[in-house]
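Now for the letters of each chain:
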Amino acid sequence: MNTRETILTRIREAVAQAPEVPEPARDYLPSHTPNDPQTLVNLLAENLTDYRAIVHHTYEDTLPDLLNQLLSAHGTQSVLVPPGLPEHWLQASNAQQIEDSSTHTPHDLDTVDSVVTGCALAIAETGTLVLDASPDQGRRRITLIPDHHICIVRAPDQIVASLPQAMPRLDPTRPLTWISGPSATSDIELDRVEGVHGPRTLEVILLSSRSGD
Amino acid sequence: MSGTYLGMPSFPVAAREAVNNPTLRANLRHATHTIRAKRAVAVAELADWALLREAGKQIKDRTLRHLDTLLVELEEKVTAAGGVVHWAADAEEANRIVTELVVETGEREVVKVKSMATQEIGLNEALEAAGIAAYETDLAELIVQLGEDRPSHILVPAIHRNRGEIRDIFATTMGEWGRPAPDDLTDSPAALAEAARLHLREKFLRAKVGISGANFMVAETGTLVVLESEGNGRMCLTLPETLISVVGIEKVIPSWRDLEVFLQTLPRSSTAERMNPYTSTWTGTTDSDGPKAFHLVLLDNGRTATLADEVGRQALRCIRCSACLNVCPVYERAGGHAYGSVYPGPIGAILSPQLRGTQSDIDASLPYASSLCGACYEVCPVAIDIPEVLVHLREQVAEKGGKGHRLEKTAMKAAGWILNHPAALTAGERIASKTRALHPKTVPGASAWTDSRDLPALPEQPFRDWWKKNRT
Ligand code: SF4
């Protein structure tokens with residue numbers, strides 16, 4: 001018998017006498033938050049800030065100026081750009097734009113100052129951004145190596161309240177990266193320090209349309 | 001399990017050493033008290049905590065009942081997505097598989113994201129024997145590795161080290177492994193983290209092979225899930241060309257949706273955060289994003305034997321959050337090393353003797369490394385009744401006759417000494433135990449005790465009374 005068969009046989013013998021276990025009762029809450037768009041936007045901003053991300057609010061027409069400001073303030077000379085990022089977003093910035101490409105080595109990426117991406121969705125209750133490697137987000141590694149990540153969330157369309165609301169909207173066959181605040185460690189006497197390996201600075205732009213004005 | 005722990009003295013002997021080390025005790029006390037207070041706040045945010053805990057328990061119980069079909073489904077999905085699945089019955093087989101996979105790549109070094117399964121099987125030592133250097137990249141694991149030390153906590157492996165000790169370890173040993181620490185390294189956590197960032201970055205950027213564990217494997221989709229904080233996990237999971245994940249067979253869960261439960265309970269129980277900074281999920285390989293080759297090694301190594309024990313199998317529900325360590329009065333005093341295993345604390349006391357059997361002194365003594373106060377059960381996000389399993393394992397050890405009996409006596413003697421609690425605790429245990437049925441959420445007038453931890457479900461008989469009666 002090969003190892004696979006051995007293990008499977010051992011499992012079958014181990015639980016042969018065990019009683020059947022019913023499907024899990026899922027009577028936990030589908031969300032902990034009233035399903036009101038403004039409440040979700042506020043809660044997301046609050047929880048992101050609580051975990052040391054820097055949150056900005058803006059509109060489509062003012063986004064390019066804001067991006068230019070944030071990149072300049074960071075001293076950014078070069079910025080990584082996923083292939084599907086709307087072109088006009090970075091039109092006001094003078095930083096050199098480097099298109100995400102599989103030919104870049106990790107060392108190449110290490111010389112870039114910032115990265116700008118969209119996201120698949122954001123979860124308000126946990127302050128989490130989920131990236132699914134779609135064209136406006138690019139390969140997983142581009143949001144890892146540069147020290148500065150700016151992520152743009154369409155509010156309120158891309159914001160869900162809770163994990164139970166997020167799961168059905170995500171495609172598990174895509175590689176997903178869930179980001180809650182910048183990289184951090186608490187390994188030294190449980191003091192939280194930002195930025196061990198991932199970006200030390202995470203900025204989130206909540207992008208609203210002006211239609212409500 | 002790992003050869004590292006061969007010849008470990010029994011728990012009471014090892015614990016005595018820890019109890020006599022005031023620095024270690026102070027480090028541990030500070031860390032466990034900080035983290036358990038934060039955890040209580042994070043858990044209190046969720047009105048449905050009890051229901052999430054129950055759902056987590058039920059999902060895991062159902063998983064264990066159907067482990068064979070779920071593993072086969074997982075294998076199918078991982079393979080269809082471009083991964084290769086290997087099965088390993090024990091540590092030796094797992095180490096052989098991984099070593100061969102690394103050798104095939106032609107590489108002589110690998111980067112590792114913290115993984116208890118690879119520690120359990122002693123993978124680093126096996127790779128070293130084959131001439132392959134394995135670099136631990138989690139900050140705490142780096143501290144442990146550079147200090148030629150062993151981890152002492154599931155979540156914070158270097159919990160026994162303070163900042164001064166860490167500074168000295170970095171200053172003296174980093175240079176031997178790669179980029180040295182800066183000459184003016186201070187003991188501020190920010191400076192130490194920066195030194196680790198620079199030291200490890202050169203390794204990440206050139207790494208061709210990464211080795212990981214996983215927190216969960218989703219049978220329905222073939223997706224693996226890793227939760228982490230620092231980004232070293234993402235580095236290891238996405239930059240190398242080959243990724244090898246070694247995962248215990250009990251880490252499978254049936255469906256993608258099940259993650260909605262564990263992604264709520266695990267971070268809050270473990271680091272007391274709403275969510276850990278980074279979670280990565282991947283399904284096989286993806287064109288030009290991440291590793292081109294993915295190998296999954298499914299590890300038994302005593303798990304099927306544990307599964308066969310009706311009472312003990314609940315230990316396989318464990319999601320390694322470490323909450324039980326932080327509330328355990330014995331762990332707080334004895335420290336993680338005394339448990340002689342990668343799994344310390346209450347979960348270690350029930351998992352190690354089941355995975356390894358109770359032939360050795362250390363494993364036969366572990367079921368006695370507890371006051372049975374019940375705090376570990378109370379905080380466990382998958383409701384493992386650790387005291388129940390401990391009592392069950394004590395019976396098994398005692399049944400084996402002479403040796404067990406002798407060990408029980410030594411263990412009791414040491415435990416009595418370790419548990420040299422303030423009188424308030426003794427009184428609290430006794431009073432509360434008598435009123436167990438009427439037990440309120442907080443005990444009025446006993447705040448010196450209850451303020452410092454979640455109120456546990458109490459044992460029928462206070463440990464100290466039981467001990468007095470049985471110590472002869
Ligand atoms: S036994 Fe429960 S509390 Fe302890 S580490 Fe495992 S899941 Fe966490």
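Residues numbered from 1 in each chain as written. Chains lettered and ligands numbered in written order. Predicted model: local features only at pLDDT ≥ 70, side-chain atom pairs only at ≥ 80, totals over all residues. Heavy atoms only, no water.

As for the overall build of chain A
Working step 1: When helices and strands are tallied, chain A shows five helices and twelve strands.
Working step 2: Structurally, chain A occupies a C-alpha span of about 70 × 45 × 40 Å along its principal axes.
Working step 3: The proportion of buried residues among the 213 residues of chain A is 56%.
Working step 4: Just so you have it, chain A exposes about 8800 Å², and 47% of that area is on carbon and sulfur atoms. (Helix = DSSP H or I, 4+ residues; strand = E, 2+ residues; numbered from the N terminus. Buried < 20%, exposed > 50% of the residue type's maximum accessible area, 1.4 Å probe, protein only. Areas by Shrake-Rupley, 256 points an atom, 1.4 Å probe, with all protein chains shown as cover.)

Quick look at the pattern of salt bridges
Opposite charge on two side chains makes pairing possible when the charged atoms of those side chains draw close.
Residues and elements named next belong to chain B.
Working step 1: If you walk through the whole model with that rule in mind, you get 38 salt bridges over all chains.
Working step 2: For Glu 45, the salt bridge identified is with Arg 274, shortest N-O distance 3.0 Å. Remark: Arg 274 occurs in the loop between α12 (259-270) and β9 (278-283) and Glu 45 occurs in the loop between α2 (22-44) and α3 (49-65); sequence separation between them is 229 residues.
Working step 3: We classify Arg 274 as buried; its relative accessible area is 12%. (Salt bridge = Lys/Arg side-chain N within 4 Å of Asp/Glu carboxyl O.)

What to know about the sheet that holds strand β12 (residues 201-208) of chain A
All names here are of chain A.
Working step 1: With parallel pairing, the six strands of this open sheet are ordered in space as β1-β12-β7-β4-β2-β3. At either margin of the open sheet sits one strand with a lone partner, and together these are β1 (54-59) and β3 (96-99). Taken pair by pair, the neighbouring strands of this sheet meet at an average axis angle of 25°, ignoring direction.
Working step 2: Relative to β3, strand β2 (residues 78-81) runs parallel, the two sharing four bridges. Considered in β3, the bridge of Ser 78 is made with Gln 96.
Working step 3: Helix α2 (residues 37-50) contacts β1 and β12 of the sheet and is inclined by roughly 150° relative to β1. (Pairing = 2+ DSSP bridges. Axes fitted to C-alpha atoms, helices over the stretch in contact; angles between N-to-C directions. Contact = heavy atoms within 4.5 Å.)

A few points about the state of the cysteines
Working step 1: Under the counting rule described, the total for this entry stands at zero disulfides over all chains.
Working step 2: In this structure Cys 373 of chain B is not part of a disulfide, and its nearest cysteine sulfur, from Cys 376 of chain B, lies 6.2 Å away. (Disulfide = S-S within 2.5 Å.)

A word on the site of the ligand
Working step 1: Every residue lining the ligand is accounted for by Cys 318, Ile 319, Arg 320, Cys 321, Ser 322, Cys 324, Ile 347, Cys 380, Pro 381, Val 382, Ile 384 and Ile 386 of chain B.
Working step 2: Tallied by class, the residues present in the shell around the ligand amount to ten nonpolar, one polar and one charged. (Near = heavy atom within 4 Å. Nonpolar A, V, L, I, M, F, W, Y, C, P; charged D, E, K, R; others polar.)

Observations concerning the confidence of the model for chain B
Residue and element names in this part refer to chain B.
Working step 1: Averaged over all residues, the pLDDT of chain B is 85; the fraction at 70 or higher stands at 83%.
Working step 2: Contacts of residues 417-472 to residues separated by more than four positions or lying in other chains number 88 contacts, the stretch itself having pLDDT below 50.
Working step 3: Across the assembled chains, the prediction reports ipTM 0.96 with pTM 0.89. (pLDDT = per-residue confidence, 0-100.)

With respect to the environment of Glu 100 of chain B
Working step 1: Position of Glu 100 of chain B among the secondary structure elements: in helix α5 (residues 91-105).
Working step 2: Remark: the alpha-carbon pair of Glu 100 of chain B and Leu 127 of chain B, spanning 27 residues in sequence, is separated by 9.6 Å.

Observations regarding the pairing of strand β7 (residues 148-154) of chain A
Residue and element names in this part refer to chain A.
Working step 1: Within β7, six of the seven residues are buried, leaving the element largely enclosed by the surrounding structure.
Working step 2: Relative to β7, strand β4 (residues 114-117) is paired through four bridges, and the arrangement is parallel. Residue pairing in the sheet places Val 115 in a bridge with His 149 of β7.
Working step 3: As defined by bridge partners, β7 adjoins β12 across seven bridges and the pair is classed as parallel. The residue of β12 that forms the bridge with Cys 151 is Val 204.

Some points on helix α3 (residues 63-73) of chain A
Residue and element names in this part refer to chain A.
Working step 1: Considered for burial, the residues of α3 that qualify are Leu 63, Pro 64, Leu 66, Leu 67, Leu 70 and Leu 71. Down the axis of α3, the buried side of the element spans an arc of 160°, and every buried residue falls inside it. Of the residues in α3, the exposed ones pointing more than 90 degrees away from the buried face are Gln 69 and Ala 73.
Working step 2: Looking one or two places after α3, you find Gly 75, whose phi comes out positive at around 75°. (Arc of directions from axis to C-beta.)

Digging into the sheet that holds strand β5 (residues 121-123) of chain A
Working step 1: One open sheet accounts for eight strands, arranged β8(A)-β5(A)-β6(A)-β9(A)-β9(B)-β6(B)-β5(B)-β8(B); its pairing is mixed. What marks the edges here is a single partner per strand, and that holds for β8 (159-160) of chain A together with β8 (252-253) of chain B.
Working step 2: Of the pairings in the sheet, the one linking β5 of chain A to strand β6 (residues 128-131) of chain A comprises three bridges and is antiparallel in character. Bridge pairing in β6 of chain A links Ile 123 of chain A to Thr 128 of chain A.

Some details on the interface of chain A and chain B
Size of an interface: often given as the accessible area lost when the parts come together.
Working step 1: In this assembly, 73 residues from chain A lie in contact with 93 residues from chain B.
Working step 2: Approximately 7400 Å² of surface area, both sides summed, lies buried where chain A meets chain B, with 57% of it carried by carbon and sulfur atoms.
Working step 3: In this assembly, chain A and chain B are joined by 14 salt bridges.
Working step 4: Two residues, Glu 194 of chain B and Arg 200 of chain A, come together in a salt bridge whose shortest N-O distance is 2.5 Å.
Working step 5: Between the two partners, chain A and chain B, sit 44 residue pairs in polar contact (both at pLDDT 80 or more).
Working step 6: Taken together, the elements giving at least two residues each to the side of chain A that touches chain B come down to α1 (3-15), α2, α4 (106-109), α5 (163-166), β9 (176-179) and β10 (184-185) of chain A.
Working step 7: When residues in the side of chain A that touches chain B are grouped by element, the largest group, nine residues, is from α1 of chain A.
Working step 8: Looking at side-chain class alone, the side of chain A that touches chain B contains 35 nonpolar, 18 polar and 20 charged residues.
Working step 9: Note that β9 of chain A and β9 of chain B share four bridges and pair antiparallel. Looking at β9 of chain B, one finds that Trp 178 of chain A is bridged to Thr 279 of chain B. (Buried area = accessible area lost by both parts, 1.4 Å probe. Polar contact = N/O pair within 3.5 Å; in protein donor to acceptor, adjacent residues only side chain to side chain.)

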